[in-house]
Amino acid sequence: MSTPLLAVQSVDAGYGDFQALFGIDVEVAEGELLALVGANGAGKSTLLRTIAGSLKPSRGTVRYAGEDVTGAPDIQRARKGIGLVPEGRRLFPSLTVQENLQVGAATGRQGPWDLAKVYETLPLVADRRARKAARLSGGEQQAVAIGRALMGNPRLLLLDEVSLGLAPLVVDQLYTALPGIRAEGTTVVLVEQDLGRTFAVADRIACVLEGRIVLTGPAADLTREQVTAAYFGTG
Ligand code: ATP
């Protein structure tokens, strides 16, 4: 196999004295979509933070594009093409949608994504371009947060539960945008609670249980029963 775009090796991570991840090993090939599934508190967000660089592992390494980035700060990883859309959005409320998107361009790389392409891919965002972020619904903010990450031309896009709490119509629009994002060659790691959607979009699935990866494999080779059992730790 050629060098994976992302290789997480033997990673332990946590918050203060609390250990949230134990010996995590994950590889993601360029162009692949990996879905992380697991119960609340399993450690999925912590793993994404460790990959994005907002959290430093206490052990192990994170390699990206063949380079050891374990000690690199998040801003440096963003410039290299790692884009995180965290759970709970975090836009600049007093800026307009378009201004928020422009902030994304300033922290990323050059590439195919610009305002026109984001608006074409996410019509919901285009419709709200002049509105202040503070005046958007939760779903609209989530769509803008994805647009902002795309403006940085990520080579590796990390999406943390982007559909959490959103109306089904908005979730459908976000998922409709995924093939266009992948068509640019973008590698994606996403956290999704809905197993139906996970199986529909993922090339590979990794199940996280209490800070450990307990099951991983191609989506085509796994059954919902296997994933559900891993999710609840009854496998
Ligand atoms: P969820 O779906 O609820 O977001 P998750 O799988 O993403 O769950 P994490 O958010 O990674 O799980 O949490 C893993 C563990 O780390 C949990 O026990 C959680 O309480 C703890 N944790 C998460 N963030 C912090 C933090 N900032 N400070 C302290 N502990 C944290």
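This write-up is about the structure you can find in this document. Computed from a prediction, not measured in an experiment: that's the story for all the values here. (Residues numbered from 1 in each chain as written. Predicted model: local features only at pLDDT ≥ 70, side-chain atom pairs only at ≥ 80, totals over all residues. Heavy atoms only, no water.)

**Quick word on the overall build of the protein chain**
Line of reasoning, step 1. A tally of regular secondary structure across the protein chain gives 9 helices and 10 strands.
Line of reasoning, step 2. For 235 residues, the compact-globule estimate of 2.2 N^0.38 gives 18 Å, and the C-alpha radius of gyration of the protein chain, at 17 Å, lies within 12% of that figure.
Line of reasoning, step 3. The 235 residues of the protein chain split such that 51% are buried.
Line of reasoning, step 4. Summed over its atoms, the accessible surface of the protein chain is roughly 10,500 Å², and 51% of this surface lies on carbon and sulfur atoms. (Helix = DSSP H or I, 4+ residues; strand = E, 2+ residues; numbered from the N terminus. Rg over C-alpha atoms; globule rule 2.2 N^0.38 Å. Buried < 20%, exposed > 50% of the residue type's maximum accessible area, 1.4 Å probe, protein only. Areas by Shrake-Rupley, 256 points an atom, 1.4 Å probe, with all protein chains shown as cover.)

**Remarks on the site of the ligand**
Line of reasoning, step 1. In the vicinity of the ligand there are 15 residues, among which Gly41, Lys44, Ser45, Thr46 and Glu161 approach most closely.
Line of reasoning, step 2. Thr46 places a polar side-chain atom, nitrogen or oxygen, 2.5 Å from an oxygen atom of the ligand.
Line of reasoning, step 3. The protein chains hide 64% of the 630 Å² of surface that the ligand would expose on its own.
Line of reasoning, step 4. With 4 residues, the single largest contributor to the shell around the ligand is helix α1 (residues 44–52).
Line of reasoning, step 5. A per-class count over the shell around the ligand returns 5 nonpolar, 6 polar and 4 charged. (Near = heavy atom within 4 Å. Polar contact = N/O pair within 3.5 Å; in protein donor to acceptor, adjacent residues only side chain to side chain. Nonpolar A, V, L, I, M, F, W, Y, C, P; charged D, E, K, R; others polar.)

**Regarding the pattern of salt bridges**
Line of reasoning, step 1. Evaluation of the coordinates by the stated rule reveals 9 salt bridges.
Line of reasoning, step 2. The closest approach of N and O atoms between Lys117 and Glu184, which form a salt bridge, is 2.8 Å. With Lys117 in helix α4 (residues 115–121) and Glu184 in the loop between α7 (168–183) and β8 (187–191), this pair connects stretches of sequence that are 67 residues apart.
Line of reasoning, step 3. Measuring nitrogen to oxygen at the nearest pair gives 2.7 Å for the salt bridge that ties Arg128 to Glu140. Linking Arg128 in the loop between α5 (123–127) and α6 (138–151) with Glu140 in helix α6, this pair joins segments that are 12 residues apart in sequence. (Salt bridge = Lys/Arg side-chain N within 4 Å of Asp/Glu carboxyl O.)

**Focus: the nonpolar core**
Line of reasoning, step 1. By size, the foremost hydrophobic cluster in this structure holds 45 residues, and its most contacted members are Leu159 and Leu190.
Line of reasoning, step 2. What Leu159 contacts, discounting residues up to four positions off in sequence, is Leu48, Val85, Ile146, Leu178, Val188, Val189, Leu190 and Val191. (Core = buried A, V, L, I, M, F, W, Y, C linked by side-chain atoms within 4.5 Å. Contact = heavy atoms within 4.5 Å.)

**Comments concerning the packing of helix α3 (residues 97–106) against α6**
Line of reasoning, step 1. Relative to each other, α3 and α6 sit at 35°, their axes nearing to 6 Å. Note on packing geometry: the crossing formed by α3 with α6 is right-handed. Packed against α3, whose contacting residues are Val97, Asn100, Leu101, Gly104 and Ala105, the element α6 presents Val144, Gly147, Arg148 and Met151 at the interface.
Line of reasoning, step 2. When the residues that make up the contact of α3 with α6 are grouped by side-chain class, the tally is 5 nonpolar, 3 polar and 1 charged. (Axes fitted to C-alpha atoms, helices over the stretch in contact; angles between N-to-C directions. Left-handed = near helix turned anticlockwise from the far one by under 90°.)

**Considerations on the environment of Val214**
Line of reasoning, step 1. With respect to the helices, strands and loops of the structure, Val214 is situated in strand β10 (residues 212–218).
Line of reasoning, step 2. On the accessibility criterion, Val214 (42% relative accessible area) is partly exposed.
Line of reasoning, step 3. When residues no more than four places from it in sequence are discounted, the contact partners of Val214 are Cys207, Leu209 and Ala230.

**What about the sheet that holds strand β5 (residues 67–68)?**
Line of reasoning, step 1. As summarised here, the arrangement of the 4 strands in space is β2-β1-β4-β5, forming an open sheet in which the pairing is antiparallel. Each edge of the open sheet carries a strand with a single partner, namely β2 (18–28) and β5.
Line of reasoning, step 2. Relative to strand β4 (residues 59–64), strand β1 (residues 6–15) runs antiparallel, the two sharing 5 bridges. For Asp12, the partnering residue across the bridge sits in β4 and is Arg59.
Line of reasoning, step 3. Lying on the sheet, α1 is in contact with β1, β2 and β4; it crosses β1 at an angle near 115°. (Pairing = 2+ DSSP bridges.)

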